[in-house]
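Residues per chain are reported as follows:
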Amino acid sequence: MTKIAPSILAADLLKIKKEVKMIDACGAEYIHIDVMDGHYVPNITFGPNIVKSLRSVTNKILDVHLMIKPVLNYIDSFLNAGANIISFHPEADQNHQKIIEKIRNSNCKPGIAIHPNVKFQDIKHLLNKIDLVIVMTVVPGFGGQKFMDSELSKIKDIFEYRKENSLNFEIEVDGGINDLTAKKCLNYGADILVAGTYIFSKKEEKYKHLIDSLR
Ligand code: DX5
Ligand code: ZN
C-alpha cells in the first residue's frame, strides 16, 4: 500500500507536538523532516534538535531529508537524534560511500534525493547502495510549489531500473503533491508520497480524509 509522509515544513510549529500526534493517529507512515541550510537551498529550517524532540512524541519513521552542503559532518548528529531514514543530495557532497556506510552502520536507512536538475543517469550507480530514493517534483527549498510533470519520467526510469536489477529501495516523491498529482506519481511507480501544504493548510479534522485521499 502507498505510504504517506506528511512534511512538517507546512505544519503549525507552535503546536508541533499536537500536529505530529494527529498525523500519527491519522495513519501516516512516515514523518518527513526537511532540513535546509541556507546554502544548498535558499531557505533555513530545522536541525537535529527537532528530530530529537519528535522522537519523543512518535514511534513513526522519522524520514529526514537533508538539503544541506556539505553532508558528511552532520550525519552523526541526525543519527544521534533518532532519525530512521537519512537522505541527502549526492551533488552536495562527494563522500557518497562514507555517508551511506555511516548511516547504515548505525541501523538507519540511507537515501538519496534527486534535484530536478540532476539526471537519472548521474545517480543510477548509487541505486544499489541505498534504501530510499526521493524524486523531487519541485526545486527544493520551499513548500507550496507547483508539481513539475517533467519529473514523472524519472519516477518511471527509477521504477524500471529497480525491477530490472531486482533491487528493493523505496521510491518517494516530494513536492507539490495533492490528490491529482498523487495519482500520476502512483501510476508511474511511487511507493511513498510526501505532502506538506496539501495536508497542513487545512483544518486538523480533515487530516485523516486528506491522507486517505492520497492513497
Ligand atoms: C521542498 C521540500 C518538501 C516540501 C513539500 O524543498 O523538500 O518536502 O515540504 O511541500 P509541499 O507538499 O507543500 O510541496
Ligand atoms: Zn522534502
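So, a few notes on the structure that sits alongside this text. On a predicted model such as this, the values are computed, not experimentally measured, just so you know.

## Here we look at the nonpolar core
Grouped together as the largest cluster of nonpolar side chains are 69 residues, with contacts concentrated most on Ile8, Ile33, Leu54 and Ile199. Not counting residues up to four positions away in its chain, the partners in contact with Ile8 are Leu13, Ile16, Val20, Ile31, His32, Ile33, Phe46, Ile50, Leu54 and Phe200. Membership of the second largest hydrophobic core comes to ten residues, among which are Ala113, Leu132, Val138 and Ile192.

## Notes on the site of ligand 1
Residues in close proximity to ligand 1 total 20 residues, the closest being Asp34, Asp174, Gly176, Gly196 and Thr197. Side-chain polar atom of His65 to an oxygen atom of ligand 1: 3.3 Å apart, as the coordinates give it. Gly196 is positioned with one of its backbone polar atoms (N or O) 2.8 Å from an oxygen atom of ligand 1. For ligand 1, the protein covers 99% of the area, taking 380 Å² as the surface of the free molecule.

## Considerations on the coordination of the zinc ion (ligand 2)
Protein ligation of the zinc ion (ligand 2) involves His32 (NE2), Asp34 (OD), His65 (ND1) and Asp174 (OD), the donor distances falling in the range 2.0 to 2.3 Å. If you look at the zinc ion (ligand 2), its six donor atoms make angles of 69 to 168° with each other, and the shape they trace is octahedral. Sequence positions of the donors to the zinc ion (ligand 2) reduce to the motif H-x1-D-x30-H-x108-D. Here the residue Asp34 occupies a position in strand E2 (residues 30-36), and His65 occupies one in strand E3 (residues 61-67), the gap between them amounting to 31 residues. Like Asp34, the residue His65 is buried in the burial classification.

## Focus on the sheet that holds strand E6 (residues 132-136)
The eight strands are arranged E1-E8-E7-E6-E5-E4-E3-E2 in an open sheet whose pairing can be described as parallel. A single partner strand is all that each edge strand has here, and the edge strands are strand E1 (3-6) and E2. Strand-to-strand, the axes of this sheet are offset by a mean angle of 25°, without reference to chain direction. Inspection of the sheet shows E2 paired to E3 by seven bridges, in the parallel sense. For Met36, the partnering residue across the bridge sits in E3 and is Met67.

Criteria and cut-off values
Residues numbered from 1 in each chain as written. Chains lettered and ligands numbered in written order. Predicted model: local features only at pLDDT ≥ 70, side-chain atom pairs only at ≥ 80, totals over all residues. Heavy atoms only, no water. Core = buried A, V, L, I, M, F, W, Y, C linked by side-chain atoms within 4.5 Å. Buried < 20%, exposed > 50% of the residue type's maximum accessible area, 1.4 Å probe, protein only. Contact = heavy atoms within 4.5 Å. Near = heavy atom within 4 Å. Polar contact = N/O pair within 3.5 Å; in protein donor to acceptor, adjacent residues only side chain to side chain. Areas by Shrake-Rupley, 256 points an atom, 1.4 Å probe, with all protein chains shown as cover. Donors = N, O, S within 2.8 Å, 3.2 Å for Na, K, Ca; no water. Tetrahedral: all angles 85-135°; square planar, octahedral: opposite > 155°, others 65-115°. Helix = DSSP H or I, 4+ residues; strand = E, 2+ residues; numbered from the N terminus. Pairing = 2+ DSSP bridges. Axes fitted to C-alpha atoms, helices over the stretch in contact; angles between N-to-C directions.

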